[in-house]
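Okay, here's what each chain looks like letter by letter:
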Amino acid sequence: MNHVTLHKSYVTTILQSIHNLIIPKFKNQPMNLHELNSTAKKLVANHKGILAMDESLPTCNKRFAKLGIPQTEEFRRAYRELIVTTAGLGESISGAILFDETIRQKTKDGTPMIQVITDAGIIPGIKVDTGARDLAGRPGEKISEGLDELRDRLIEYYQMGARFAKWRAVINISDSIPTRGAIEANAFTLARYAALCQEAGLVPIVEPEVLMDGNHTMKRCFEVTEEVLHTVFNQLYTQGVILEGMILKPNMVLPGLTCPKQESADDIADATVKCFLRAVPAAVPGITFLSGGQTAELASERLNAMNVRFKSQLPWELSFSYGRALQQPALEIWRGKEAKVLKAQQALYHRAKCNFAARKGIYTAGMEKA
Ligand code: 13P
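A. Inspection of the nonpolar core at higher detail. Ranked by size, the top nonpolar core spans 110 residues in total, and within it Tyr193 and Phe276 carry the most contacts. When residues in this core are grouped by element, the largest group, nine residues, is from helix α9 (residues 218-238). If sequence neighbours within four positions are ignored, Phe276 has contacts with Thr225, Leu229, Leu248, Pro250, Asn251, Val253, Ile287, Phe289 and Trp316.

So this is what it looks like as structure tokens:
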């Protein structure tokens, strides 16, 4: 053996030992868990977060209608082009969740949207639930649908370039709900979806959203969120979902929107982190909160409070996967007007930067005046 060969085999042995140390639990697994784990980690790396731009047709049209924007495919395309062509978006955004219509669309100059996203260094994702419907026999409760033919759809999305997916389940709070029936049905469905995603090489974003609507207290939101998360992780375990290859997208622990007592950002941060430490296994790489109807500023302030108070002590990254809290200011500026595109893009860029700062724990109200 000459010197070079000896050196090469030495390096190979060292690399192999490091690999074996990091990946032993993924050995003998049929799917590419190394890739799943690496994508999940990238989605929460470097203080960046996820941009949810996956509003379904009815939701997108509803938001357009409120601002007098025509509810046509062309206006939805133009709006999504505005978002993905925002200069510098990749500085704070790691992944973007698209809707089926958008992943098939092109920008005005003919470039596929998914390519614009990838070129900006952003990982493309796709919403795959087909919406929440009434749950039979459970008045006021919902079940998200979309498992039929999901395996085939996931294969197609992977081939198109998507590397992660999202499924949103909604849990309502009132005096008499949620019931165990609704919690278990949604947890089971989320776990079936997540297992199918991992089989197809897509990182599942598991989103059990306890809604803010109502006058319930923060304590009640805590109890419901804790129960929902325990049930979801039980089901993920039962269905063989690998926790290292997924992301959790939950609600923060908040008082209901019309609850007379609205806690401070610090109290919300304490309650949220306490709840998640009890219910979310340390193997999950990241928790990316939804904004759920909070104002853009509050969503940044509360995420910031969590990172200021707990960042160095937590097993997972605490990040964002906001829809409205990133997009709403931009949408209100744009209102379908070509002349407003640049201003709207600046507003989106600003919100992304604010939440990037919140992940570091250096967001301040002063950033909003700049
Ligand atoms: P919001 O941040 O507007 O709640 O949207 C996030 C999302 O993706 C809901 O599914």
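From this point, things continue past the structure.
B. Representation of the pattern of salt bridges within the structure. For the coordinates displayed, the defined rule picks out 26 salt bridges. Close ionic contact of Arg63 with Glu55 constitutes a salt bridge, the shortest N to O distance being 3.8 Å. The exposure class of Arg63 is partly exposed, given its relative accessible area of 24%. Residue classification places Glu55 among the buried positions, given a relative accessible area of 11%. We note a salt bridge from Lys261 to Glu263, for which the minimum N-O separation is 3.7 Å.

C. Summary view of the site of the ligand. As a matter of local geometry, the ligand sits amid 13 residues, with Lys166, Lys249, Ser291, Gly292 and Arg324 nearest to it. Within the side chain of Ser291, an N or O atom sits 2.4 Å from an oxygen atom of the ligand. Between the ligand and the protein, one listed contact pairs an oxygen atom with a backbone N or O atom of Gly323 at 2.8 Å. Going through the elements one at a time, β6 (164-171) and β10 (317-322) are the ones with two or more residues in the shell around the ligand.

D. Fine view of the side chain of Glu55. Relative to the helices and strands, Glu55 is located in the loop between β1 (49-53) and α3 (57-66). A distance of 3.1 Å separates the side chain of Glu55 from the side chain of Arg80, its partner in a polar contact. For Glu55, the side chain forms a polar contact with the side chain of Gln327, separated by 2.8 Å. In this view, Glu55 contacts Cys60, Arg63, Arg80, Phe99 and Gln327; residues no more than four positions away in its chain are not counted.

E. Looking closely at the packing of aromatic side chains. Per the stated rule, a full pass over the model turns up seven aromatic pairs. Relative to Phe289, the ring of Phe276 lies with its centre 5.7 Å away and its plane at 80°, an arrangement referred to as edge-to-face. Highlighted residues: Phe276 in helix α10 (residues 265-279) and Phe289 in strand β9 (residues 286-289), separated in sequence by 13 residues. For Phe289, a relative accessible area of 0% translates into the label buried. Residues Phe320 and Tyr322 carry aromatic rings whose centres are separated by 5.6 Å and whose planes lie at 35° to one another, so their mutual orientation is tilted. One aromatic cluster in this structure is built from Phe64, Phe75, Tyr79 and Trp334.

F. Fine view of the packing of helix α8 (residues 180-199) against α9. Remark: α8 packs on α9, axes separated minimally by 8 Å, with the N-to-C direction vectors making an angle of 40°. Compared by their axis directions, α8 and α9 come out oblique. Our pair here, α8 against α9, has a crossing hand that is right-handed. Taken together, the residues of α9 that come into contact with α8 (itself represented by Arg180, Ile183, Glu184, Ala187, Phe188, Leu190, Ala191 and Ala194) are Glu227, Val228, Thr231, Val232, Gln235 and Leu236. Its residues assigned to classes, the contact of α8 with α9 comprises nine nonpolar, two polar and three charged.

G. Region of the structure containing the environment of Gly90. Mapped onto the elements, Gly90 comes out in the loop between α4 (73-84) and β2 (93-98). Expressed as a C-alpha distance, the spacing of Gly90 and Lys48, which sit 42 residues apart in the sequence, is 8.4 Å. Not counting residues within four places of it along the chain, the set of residues in contact with Gly90 comprises Lys48, Ala120 and Ile122.

H. The arrangement of the pairing of strand β3 (residues 123-127) in detail. Counted residue by residue, β3 has five buried out of five residues, so it is predominantly covered. Side chains Ile123, Gly125 and Lys127 of β3 all project onto a buried face; the interleaved residues Pro124 and Ile126 project onto the opposite face, where all are buried too. For β2 and β3, the ladder comprises four bridges, and the chain directions are parallel. Opposite Ala96, over in β3, you have Pro124 as the bridge partner. Bridge count between β3 and β6: three bridges; the pairing is parallel. Bridge pairing in β6 links Gly125 to Phe164.

I. Region of interest: a positive patch on the surface. A cluster of basic residues, Arg335, Lys337, Lys340 and Lys343, forms a positive patch at the surface. Inspection of the secondary structure puts Arg335 in the loop between α12 (324-334) and α13 (341-360). On the basis of relative accessibility, which here comes to 37%, the residue Arg335 falls in the partly exposed class.

The rules behind each value
- Residues numbered from 1 in each chain as written.
- Predicted model: local features only at pLDDT ≥ 70, side-chain atom pairs only at ≥ 80, totals over all residues.
- Heavy atoms only, no water.
- Core = buried A, V, L, I, M, F, W, Y, C linked by side-chain atoms within 4.5 Å.
- Buried < 20%, exposed > 50% of the residue type's maximum accessible area, 1.4 Å probe, protein only.
- Helix = DSSP H or I, 4+ residues; strand = E, 2+ residues; numbered from the N terminus.
- Contact = heavy atoms within 4.5 Å.
- Salt bridge = Lys/Arg side-chain N within 4 Å of Asp/Glu carboxyl O.
- Near = heavy atom within 4 Å.
- Polar contact = N/O pair within 3.5 Å; in protein donor to acceptor, adjacent residues only side chain to side chain.
- Phe/Tyr/Trp six-rings, centres within 6.5 Å; stacked < 30°, edge-to-face > 60°.
- Axes fitted to C-alpha atoms, helices over the stretch in contact; angles between N-to-C directions.
- Parallel < 35°, antiparallel > 145°, perpendicular 65-115°, else oblique.
- Left-handed = near helix turned anticlockwise from the far one by under 90°.
- Nonpolar A, V, L, I, M, F, W, Y, C, P; charged D, E, K, R; others polar.
- Pairing = 2+ DSSP bridges.
- Patch = residues over 30% accessible without salt bridge, like charges linked within 9 Å, V, L, I, M, F, W, Y side chains within 5 Å.
- Areas by Shrake-Rupley, 256 points an atom, 1.4 Å probe, with all protein chains shown as cover.
- Lys, Arg positive; Asp, Glu negative; His and termini not counted.
- Charge placed at Lys NZ, Arg CZ, Asp CG, Glu CD.

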